[in-house]
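As a plain string of letters, each chain reads:
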Amino acid sequence: MGELSRRNMLKAGGALGALGALSIATPAHAWTWSPRGSVAGAGAGLDPRWVWDEEADPLVAALLDRGDVPRVNELLRTWTKNGQPLPAGLPEDLRAFMERARQLPAWADQGKLSLAVEFNKKRGLYLGVLYGLASGMMSTVIPKEARAVYYSQGGADMKDRISKTAKLGYDIMSQNAYRPDGEMIVTCVKTRLVHAAVRHLLPQSPHWPDVADEDIPISQRDMMVTWHSLPTTVMQKLVAWKVPIPAGESEAFLHSWQLCAHMLGIKDEYIPASWAEANSQAEQVLTPVLAPTPEGVKLADILLNLGSSVDAGILSKPILGAFTRFMLGDEIAGWLKIPREPVWDPLLRLSWQPFIAVREGLLPFPLAPEAYWLFDEFLRKAALLFLSEARPISIEIPQTNRPS
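The sections below set out a description of the structure shown in this document. Every chain is numbered on its own, with residues counted from 1 as its sequence reads. Reporting in this predicted model follows two pLDDT cut-offs: at least 70 for local features of residues, and 80 or more for side-chain atom pairs to be given and counted; totals over whole chains, interfaces and linings ignore these cut-offs and use all residues. With hydrogens and water stripped out, all remaining heavy atoms of the structure feed into the side-chain values.

### Considering the overall build of the chain
Working step 1: Only runs of H or I of at least four residues qualify as helices and only runs of E of at least two qualify as strands under DSSP, and these elements are numbered from the N terminus. What the chain contains, in helices and strands, is 18 helices and 0 strands.
Working step 2: Out of the 404 residues in the chain, the part that is buried amounts to 54%.
Working step 3: The contact criterion used throughout is that any non-hydrogen atoms of two residues lie within 4.5 Å. Restricting the contact set of the chain to residue pairs at least 6 apart, pairs at least 24 apart contribute 76%.
Working step 4: Accessibility throughout is a Shrake-Rupley quantity obtained with a 1.4 Å probe, and a residue counts as covered only by protein chains that appear here. If you sum the accessible surface of the chain, you get close to 17,700 Å²; carbon and sulfur atoms cover 57% of it. Note on classification: 1.4 Å probe, protein chains only; a residue is buried when its accessible area is under 20% of the maximum for its type, exposed when over 50%, partly exposed between these limits.

Okay, here's the thing in structure tokens:
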């Protein structure tokens, strides 16, 4: 039985009224994480399944209904740098929102952001493959995310959709991510507008009611689930691989992603203040929801075939599949119908940890075996694939859902 939708809960509420209906939660999905563990340190503690974006959602719905989106997209193509003035000619309600949305919160720490740059420089190759094959492939077994992507406009052109997702990963790793000459704030604000458009459009899709567990997609909880598939999952993997990371750099990396969550419109009371709180929240909202869907299997197959464009004998589908199995485990690989690889599967199991040790200087190995060179080459090619700026990427407000 699927999760109760907001509409069905309201119908069933009866004398309880809307407030009572919205407070109902099955034990499996009850929200128990305390806002005291957030960057805000306090909050209302509302279940984020029933919280969306109270500022962006009605605004973008109005833009779509007024027919303003084509002109807005055209104007916003010229807005690419954080410190750049907004283009002239934007609707006034949109301009006012974007001026507010582009401001960093008072708790932004420039010292931590500078240290995050050092972390990204040292771990860039690891981060490229982790964002792509741990986080990216995990998104295909997050049912709500997989369905929302598949049935929205982005599902019709996955290469374009993935390039826009990769841009966020590229921008947050850049040395000027949140500075005036960087692009991370622009990417986040534009993505926030896209999310609002999907919330308005997707419920109108004739396919959506038959597959969705909710009426309105991309709740605050959904966004935090996706967030955990990125920094939380990445840090968990780096720790499991015993990559030595100074505490300050670890905290700085988290801070860069805390800012990302805020700039995407996630309320501060849902953003974990520490890795311990992030792991605690992820254990509640990410791990239990992972499951296969027909849409996710199709998206995973598309992702695994992306390597062909930059293959050079390194990134073939079998190797990408083996790395996915190694990073996410046999169960998820089985869900995604990824076949076992007789060469790469055992090679990764036996050689990856020594490779990390050699690369980090923990295990001197002047004559590293050929497998280590292949791993290093894979990391470089994977980073190119998932974090490439091979062509200009324009994040634009969608106007339709996926064509039938």
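### A word on the packing of helix H5 (residues 92–101) against helix H9 (residues 184–201)
Working step 1: Contact geometry of H5 with H9 gives a least axis separation of 10 Å together with a crossing angle of 130 degrees. Relative to H9, the element H5 is oriented oblique. For the pair H5 and H9, the crossing hand works out as right-handed. Across the interface between the two elements, Leu-94, Phe-97, Met-98 and Ala-101 from H5 touch Val-189, Arg-192 and Leu-193 from H9.
Working step 2: The residue inventory of the contact of H5 with H9, partitioned by class, reads 6 nonpolar, no polar and 1 charged. Between N-to-C directions, angles cover 0 to 180 degrees, with each direction set by a line fitted to C-alpha atoms, over the stretch in contact for helices. If an angle is under 35 degrees, it is roughly parallel; if it is over 145, roughly antiparallel; if it lies from 65 to 115, roughly perpendicular; otherwise it is oblique. The sense of a crossing depends on the near helix, which, turned anticlockwise from the far helix by less than a right angle, makes the crossing left-handed and, turned clockwise, makes it right-handed. Classification convention: Asp, Glu, Lys, Arg as charged; Ala, Val, Leu, Ile, Met, Phe, Trp, Tyr, Cys, Pro as nonpolar; all other residues, Gly among them, as polar.

### Quick notes on helix H7 (residues 143–151)
Working step 1: Taking burial as the measure, the 9 residues of H7 include 8 buried ones, the bulk of the element.
Working step 2: The complete set of buried residues in H7 reads Pro-143, Glu-145, Ala-146, Arg-147, Ala-148, Val-149, Tyr-150 and Tyr-151.

### Topic: unusual backbone geometry
Working step 1: Even without glycine at this site, Lys-242 takes up a positive phi of about 60 degrees.
Working step 2: Mapped onto the elements, Lys-242 comes out in the loop between helix H11 (220–240) and helix H12 (247–263).
Working step 3: Under the relative-accessibility criterion, Lys-242 is labelled exposed at 61%.
Working step 4: Although it is not a glycine, Lys-337 sits at a positive phi angle of roughly 60 degrees.
Working step 5: Checked against the element boundaries, Lys-337 lands in the loop between helix H16 (330–335) and helix H17 (344–359).
Working step 6: On the basis of relative accessible area, Lys-337 is assigned to the exposed category, the value being 66%.

### A word on the packing of aromatic side chains
Working step 1: Pairs were defined over the aromatic rings of Phe, Tyr and Trp, the Trp ring being its six-membered one, requiring ring centres within 6.5 Å. Orientation was assigned from the angle between planes: stacked under 30 degrees, edge-to-face over 60, tilted for the rest. This model, assessed by the stated rule, comprises 12 aromatic pairs.
Working step 2: When the centroid spacing of 5.9 Å and the interplanar angle of 80 degrees are considered together, the rings of Trp-31 and Tyr-270 count as edge-to-face. Pair noted here: Trp-31 is in the loop between helix H2 (17–23) and helix H3 (56–66) and Tyr-270 is in the loop between H12 and helix H13 (275–285), with a separation of 239 residues, a long-range link.
Working step 3: Arranged with centres 5.2 Å apart and planes meeting at 65 degrees, the rings of Trp-241 and Trp-352 form a pair that is edge-to-face.

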